[in-house]
Amino acid sequence: MKMKIILNWVLAATLICGTGVFTSCNKSDAELSSKILGKWIVADLDGKACPTSWKSVVTFESAKKGYYSISEITSMTWENKTPAEVTFGKDGFTAVEEEGPYKSVLKVTVNSITDKEMKLKTDWTITGGELVILHEIFNERWVRVTDNFEQAVLGTWEAQVTEAGKPQTWRWEFKASGTYVFSLKIGDAPWQVFEDHMSDYFVDGPLLCTRWQNTVLSDEERDWWEIESIQDGKMKWTALRIDEDLTTHTETLELSKVQ
């Protein structure tokens, strides 16, 4: 009922997006890092629009600090502004993150960069000890993010939807703690409040990711949206979804602020 999305695809290429501590060895390194400063989101993978569930947001806060955010269901990755160590070179950067026995190394070649977008080639490897778990190479396009809805999303929002031919009202209460409460109302019936075992969310730039688990024994589920706008008590969501035949379609949802 909560827009259940279960995707069992190959580990999304957007996991490769990592940032963190930068080191500059020469003028070219410094020039590249200064151009990259700011917040970016993955737009294209190998020339095709990136599905929302595969997207990540990368923030280069300064020449020494940065973060990345992603929710990926296959590997159960949940990263909300997570730092990683990054070293800049003349034509790109290398990002390294280690957690337990796993080591992720992302080598990025920046082919072009403007104020609004950059095109890059990524070579990403995950190892666990001596075992190579994943090796992926992609051509990507990232676009600069100018809006951050992390604070604007706080509060209670509701949307009118139709499911199985019945009008329904869906309601989300987004809390500053990074948790949320989902409620459902069908017709004139009383509100049904889901007191889930887990209900987490994060917003980074326009990317809104949620995860929930109804009981301690049930499966964890996730959903992904991009916030298109928040203005005058209205919020618009959009998402590029993947169908079972690997085609895509766009979903939209308009919500109103509950006073």
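Cut-off values and rules
Residues numbered from 1 in each chain as written. Predicted model: local features only at pLDDT ≥ 70, side-chain atom pairs only at ≥ 80, totals over all residues. Heavy atoms only, no water. Patch = residues over 30% accessible without salt bridge, like charges linked within 9 Å, V, L, I, M, F, W, Y side chains within 5 Å. Areas by Shrake-Rupley, 256 points an atom, 1.4 Å probe, with all protein chains shown as cover. Salt bridge = Lys/Arg side-chain N within 4 Å of Asp/Glu carboxyl O. Helix = DSSP H or I, 4+ residues; strand = E, 2+ residues; numbered from the N terminus. Buried < 20%, exposed > 50% of the residue type's maximum accessible area, 1.4 Å probe, protein only. Contact = heavy atoms within 4.5 Å. Pairing = 2+ DSSP bridges. Axes fitted to C-alpha atoms, helices over the stretch in contact; angles between N-to-C directions. Core = buried A, V, L, I, M, F, W, Y, C linked by side-chain atoms within 4.5 Å. pLDDT = per-residue confidence, 0-100. Phe/Tyr/Trp six-rings, centres within 6.5 Å; stacked < 30°, edge-to-face > 60°.

## Focus on a nonpolar patch on the surface
Together, Tyr102, Leu131 and Ile133 give the surface a local cluster of nonpolar side chains, amounting to about 320 Å² of exposed area. Looking at the element boundaries, Tyr102 is found in strand 8 (residues 102-113). The class for Tyr102 is partly exposed, based on a relative accessible area of 46%.

## Description of the side chain of Asp200
Within the secondary structure, Asp200 sits in strand 15 (residues 198-204). Since its relative accessible area comes to 17%, Asp200 is described here as buried. Those residues within four positions of Asp200 in sequence are excluded, and the remaining contacts are Trp78, Gly178, Thr179, Tyr180, Cys209, Thr210 and Arg211.

## So, the sheet that holds strand 16 (residues 207-213)
Spatially, 14-13-12-11-19-18-17-16-15 is the arrangement adopted by the nine strands of the open sheet, whose pairing is antiparallel. Edge positions in the sheet fall to strand 14 (192-194) and strand 15, since each of these pairs with one other strand and no more. Recorded for the sheet is a direction-independent mean angle of 25 degrees between the axes of neighbouring strands. Bridge count for strand 11 (residues 155-163) against strand 19 (residues 248-257) is two bridges, and the pairing is antiparallel. For Trp157, the partnering residue across the bridge sits in strand 19 and is Lys257.

## Some words on the nonpolar core
Ranked by size, the top nonpolar core spans 23 residues in total, and within it Trp172, Phe174, Leu208, Ile227, Trp237, Leu253 and Leu255 carry the most contacts. Once residues within four sequence positions are removed from consideration, Leu255 is found in contact with Trp157, Glu158, Ala159, Trp172, Gly233, Lys234, Met235 and Trp237. With 21 residues, the next largest nonpolar core counts Leu32, Trp40, Val42 and Phe88 among its residues.

## What to know about the pairing of strand 10 (residues 131-145)
Of the pairings in the sheet, the one linking strand 1 (residues 38-45) to strand 10 comprises six bridges and is antiparallel in character. Bridge pairing in strand 10 places Val42 opposite Trp142. Of the pairings in the sheet, the one linking strand 9 (residues 117-128) to strand 10 comprises twelve bridges and is antiparallel in character. What sits directly across from Thr125, in strand 10, is His135.

## Regarding the confidence of the model for the chain
Here the chain shows a mean pLDDT of 85. Residues at 70 or above account for 88%. Here residues 1-27 is modelled with pLDDT under 50, and outside its nearest four sequence neighbours on either side it reaches 111 contacts, counting other chains as well.

## Focus: the pattern of salt bridges
Within this structure, the stated rule accounts for ten salt bridges. With a shortest N-O distance of 3.0 Å, Glu117 and Arg141 are connected by a salt bridge. Residue Glu117 is located in strand 9, and its partner Arg141 is located in strand 10; the two are separated by 24 residues in the primary sequence. For Arg141, a relative accessible area of 23% puts it in the partly exposed group. Residues joined in a network through salt bridges with shared partners are Asp44, Glu117 and Arg141.

## Focus: the packing of aromatic side chains
Enumeration according to the criterion identifies 13 aromatic pairs in this entry. Through a chain of ring-to-ring contacts, three or more aromatic side chains come together here, namely Trp170, Trp172, Phe174, Tyr180, Phe182, Phe194, Tyr201, Trp225 and Trp237.

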